[in-house]
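Topology and contacts: notes
Residues per chain are reported as follows:
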Amino acid sequence: MGAAVQIVWFKKDLRVQDHAALKRASLRGGPVLPIYVFEPEFWQQPDASARHFSFLLECLQELRQELAHLGQPLIIRTGDVIDILEGLSRKRPIAGLWSHEETGNAWTYDRDKRVAAWCRTRGIAWTECRQTGVLRGLKTRDGWARKWDGFMADAPVEAPQLEPLAGIDPGHPPGPRELGLAHDPCPGRQTGGRTNALSTLESFLFSRGKTYRAAMSTPVRAFDACSRLSPHLTFGTLSMREAAQAAWARQGELKEKQFTGRSTWQGSMRSFTGRLHWHCHFMQKLEDEARLEYQNLHGAYDGLRPSMPDPDRLQAWQAGETGLPFVDACMRCLAATGWMNFRMRAMLIAVSSYHLWLDWRAPGEHLARHFTDYEPGIHWPQVQMQSGTTGINTIRIYNPVKQGLDQDPDGTFVRQWVPELADLDGQHIHEPWKAEGARKILGKTYPFPIVDHLSAAKEAREKVWAIRKGQSFRGKAADIQERHGSRKSGIPMRGQERTRRRARTAHAPGQGDLFENPS
């Protein structure tokens with residue numbers, strides 16, 4: 001049997017730079033074995049998809065090269081992680097198990113509890129290192145923003161040199177069919193890997209990001225103006241600390257220079273750094289209350305909507321066939337690209353929850369599969385927020401026609417993704433049922449609206465607000481606010497400082513301004 005090894009279990013931290021688990025394991029002395037495990041049961045969960053798998057493969061390919069350059073390539077295995085660890089322990093003693101903390105879905109939470117139990121029975125210390133602003137075992141949100149700033153300000157951890165291990169099969173990834181993943185064409189998906197993460201960060205901070213604040217709300221401009229870092233933060237090819245420090249450095253440069261357009265850049269960087277804070281703020285919610293993934297945060301909403309969604313409405317929404325052009329354009333675009341800007345993500349879930357009156361779980365799973373940047377800790381709190389079941393957030397029922405007129409006034413986006421309506425003028429493309437030639441299109445090449453969006457919104461609003469009026473509702477809501485609410489008031493988060501001409505209050509995006517990672 002070989003020498004005892006420190007195993008570094010890579011999960012959603014697919015980089016070697018600023019990797020605390022890898023660095024700390026290397027300081028223990030002796031060989032370090034970096035490993036990634038494809039867990040078939042994980043890939044069978046209803047929130048997993050082949051586009052996640054494809055992005056992951058690209059990340060692992062580069063990670064394996066980076067680790068080989070440090071001295072020891074990545075080992076890849078397929079199976080239950082405990083079975084894999086057990087098999088490795090029969091060949092070499094395991095001196096310690098290292099990983100980063102993960103705020104994942106319910107399946108990974110249960111998996112980690114099993115791994116912890118296995119480690120205890122084997123007498124193996126499992127050290128989980130922090131990598132985001134999320135705090136394990138948090139008792140109060142007081143002081144959370146300062147702790148976030150302090151953690152992000154620490155120096156990034158340098159990659160260590162590793163001692164090569166002989167006689168270990170490096171292994172190879174399984175194919176998507178081996179994991180039972182359905183065909184998932186996504187021609188416009190972003191490409192994974194550390195190199196792409198760094199180039200995306202660079203282009204955003206120095207060229208694309210100038211109009212971020214003004215352009216983030218419209219899908220016409222957001223694909224270029226938003227950071228597009230979200231899948232890289234999800235899979236960990238870039239750490240939150242690296243993104244924050246790069247943004248702060250850019251803000252420092254802007255402060256020292258005078259040039260045309262500087263104030264626009266400064267405003268966009270303030271907005272971006274704010275969303276880095278809110279990324280972890282939402283993840284903290286799921287870390288503190290795992291049931292957010294599958295249960296209404298406020299119990300008064302239990303039974304409000306049918307637990308089994310109307311299959312015809314759900315299918316129409318998923319396929320981009322609701323007859324509401326802007327909604328359908330956003331859904332079709334998401335299917336083809338794996339990404340959508342924050343406002344349109346919020347609109348999609350709001351339409352499903354209010355206008356179509358669907359329980360949020362099935363629509364949430366559909367969006368999770370389609371977002372390449374799916375981050376459970378942000379996704380499920382936001383899904384509940386946009387569905388009105390948290391008890392503490394403003395009820396926001398997006399008018400899908402108004403959103404189209406506001407964010408795509410000439411119909412460019414709709415024409416691209418709903419070509420059935422391409423011949424309609426800008427006056428009617430968001431309301432084709434009002435066009436003179438509607439009979440040639442509706443019910444033939446494009447469906448009639450499956451609901452009257454105005455009356456559906458009115459009915460939903462009345463049902464939701466009826467629940468919020470009771471005294472018992474307010475008492476529970478106060479408890480939820482105490483546990484999950486922001487403590488931002490009066491605390492200027494780093495990167496959010498205003499100029500003297502602006503009010504000296506902390507900037508925070510409006511509720512719903514973040515859905516998944518920072519856009």
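This is a predicted model, so every value here is computed, not measured.

Right, let's get into unusual backbone geometry. Positive phi, normally seen in glycine, also occurs at R228, with a value near 60 degrees. Positive phi, normally seen in glycine, also occurs at W357, with a value near 55 degrees. With respect to the helices and strands, the residue W357 is situated in the loop between α15 (342–355) and α16 (361–370).

This next bit is on the packing of aromatic side chains. Pairs of aromatic rings are described using the distance from one ring centre to the other and the angle between the two planes. What the rule picks out here adds up to 16 aromatic pairs. Measuring from ring centre to ring centre gives 5.9 Å for W9 and W126, while their planes differ by 35 degrees; the resulting arrangement is tilted. On the criterion of sequence distance, the pair formed by W9 in strand β1 (residues 5–9) and W126 in strand β5 (residues 126–129) is long-range, its members being 117 residues apart. With a relative accessible area of 3%, W9 lands in the buried category. The exposure class of W126 is buried, given its relative accessible area of 17%. Chaining the aromatic ring pairs together yields one cluster made of Y36, F38, F42, W43, F53 and W107. For the cation-ring pair, R241 lies above F151, with the distance from its terminal atom to the ring centre recorded as 4.3 Å. Lying across the ring of W465, R468 places its NZ or CZ 4.9 Å from the centre.

It is worth spelling out the environment of G150 at this point. For G150, the location among the structural elements is in helix α6 (residues 144–153). Among the residues examined, G150 registers a relative accessible area of 36% and is labelled partly exposed. Between the alpha carbons of G150 and G133 there is a distance of 9.4 Å; along the sequence they are 17 residues apart.

So, about the sheet that holds strand β2 (residues 32–38). Strands sit in the order β3-β2-β1-β4-β5 across an open sheet of five strands; the sheet is parallel. Edge positions in the sheet fall to β3 (75–78) and β5, since each has one partner strand and no second. Recorded for the sheet is a direction-independent mean angle of 30 degrees between the axes of neighbouring strands. Sitting on the sheet, helix α3 (residues 50–70) touches β2 and β3, and the angle it makes with β2 is about 165 degrees. The strands that helix α5 (residues 106–122) touches are β1, β4 (94–100) and β5; relative to β5, the one it contacts most, it runs at about 140 degrees.

Looking now at the packing of α15 against helix α17 (residues 376–387). Packing of α15 against α17 leaves a shortest axis separation of 8 Å and a crossing angle of 55 degrees. Relative to α17, α15 is oriented oblique. Both α15 and α17 take part in a crossing whose hand is right-handed. Residues A346, I349, A350, S353 and Y354 of α15 lie in contact with α17, whose contacting residues are V383, Q386 and S387. Grouping the amino acids of the contact of α15 with α17 by side-chain chemistry returns five nonpolar, three polar and no charged.

On to the pattern of salt bridges. In this structure the tally under the stated criterion is 27 salt bridges. Two residues, R136 and E287, come together in a salt bridge whose shortest N-O distance is 2.8 Å. Separated by 151 residues along the polypeptide, R136 in the loop between β5 and α6 and E287 in helix α12 (residues 262–288) bring together distant segments of the chain. For E242, the salt bridge goes to R194, with nearest N and O atoms at 2.7 Å. Taken together, the residues span a long stretch of sequence, with E242 in helix α11 (residues 240–256) and R194 in helix α7 (residues 194–206) at a distance of 48 residues. Residue E242 shares its accessibility class with R194, and that shared class is buried. Through salt bridges with shared partners, a single network forms among K11, E39, E102, R111 and D112.

Moving on to the pairing of β5. Regular strands show a simple pattern: their side chains alternate between the two faces of the sheet. In this sheet, β5 lies alongside β4 in parallel orientation, the contact comprising four bridges. For L97, the partnering residue across the bridge sits in β5 and is W126. Handedness of the crossover joining β4 and β5 through α5 is recorded here as right-handed.

Below, the discussion takes up the environment of K458. Counting through the fold element by element, K458 comes out in helix α20 (residues 453–468). Distance in space between the C-alpha atoms of K458 and H355 is 8.8 Å, their sequence separation being 103 residues.

How each quantity is defined
Residues numbered from 1 in each chain as written. Predicted model: local features only at pLDDT ≥ 70, side-chain atom pairs only at ≥ 80, totals over all residues. Heavy atoms only, no water. Helix = DSSP H or I, 4+ residues; strand = E, 2+ residues; numbered from the N terminus. Phe/Tyr/Trp six-rings, centres within 6.5 Å; stacked < 30°, edge-to-face > 60°. Buried < 20%, exposed > 50% of the residue type's maximum accessible area, 1.4 Å probe, protein only. Lys NZ or Arg CZ within 6 Å of the ring centre and 35° of its normal. Pairing = 2+ DSSP bridges. Axes fitted to C-alpha atoms, helices over the stretch in contact; angles between N-to-C directions. Contact = heavy atoms within 4.5 Å. Parallel < 35°, antiparallel > 145°, perpendicular 65-115°, else oblique. Left-handed = near helix turned anticlockwise from the far one by under 90°. Nonpolar A, V, L, I, M, F, W, Y, C, P; charged D, E, K, R; others polar. Salt bridge = Lys/Arg side-chain N within 4 Å of Asp/Glu carboxyl O. Right-handed = clockwise from strand over helix to strand, strands pointing away.

Fair warning: the whole summary comes from geometry, so function is off the table for now.
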